[in-house]
Amino acid sequence: MGQVVGPDIDLRIFPNAWHFGFAVTEAVRKSSSFQFFDACGTAVHKVFLQPEGSASDFDQLVDKYRAVDSGEGL
């Protein structure tokens, strides 16, 4: 279990339940995110790039952790 607790946050995550992870870039909404799902396809955690975030850093993480057999999405 991972845990971050403070005055403005109470985040508890259970990565052992994570089965799938995707990097999502939506052109229409102009948003980028990492989204994680359990084995049944239920979303268990999503992390969105904030406007002040670095698109370049996001892209570097995607490149670093991309599955060898992954292709382009829809």
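Our structure is the block above this text.
Computed from a predicted model, the values in this text were never measured in an experiment. (Residues numbered from 1 in each chain as written. Predicted model: local features only at pLDDT ≥ 70, side-chain atom pairs only at ≥ 80, totals over all residues. Heavy atoms only, no water.)

Draft legend 1. Examining the overall build of the protein more closely. Assigned secondary structure in the protein consists of one helix and five strands. Seen in sequence order, the protein has helices and strands lined up from the N terminus as β-β-β-β-β-α. Across its three principal directions, the C-alpha atoms of the protein cover 35 × 30 × 25 Å. Every one of the 74 residues in the protein was classed for burial, and the buried ones make up 14%. A sequence separation of at least 24 residues applies to 18% of the contacts in the protein between residues at least 6 apart. Summed over its atoms, the accessible surface of the protein is roughly 6200 Å², and 56% of this surface lies on carbon and sulfur atoms. (Helix = DSSP H or I, 4+ residues; strand = E, 2+ residues; numbered from the N terminus. Buried < 20%, exposed > 50% of the residue type's maximum accessible area, 1.4 Å probe, protein only. Contact = heavy atoms within 4.5 Å. Areas by Shrake-Rupley, 256 points an atom, 1.4 Å probe, with all protein chains shown as cover.)

By themselves, these observations are geometric and do not establish any function.
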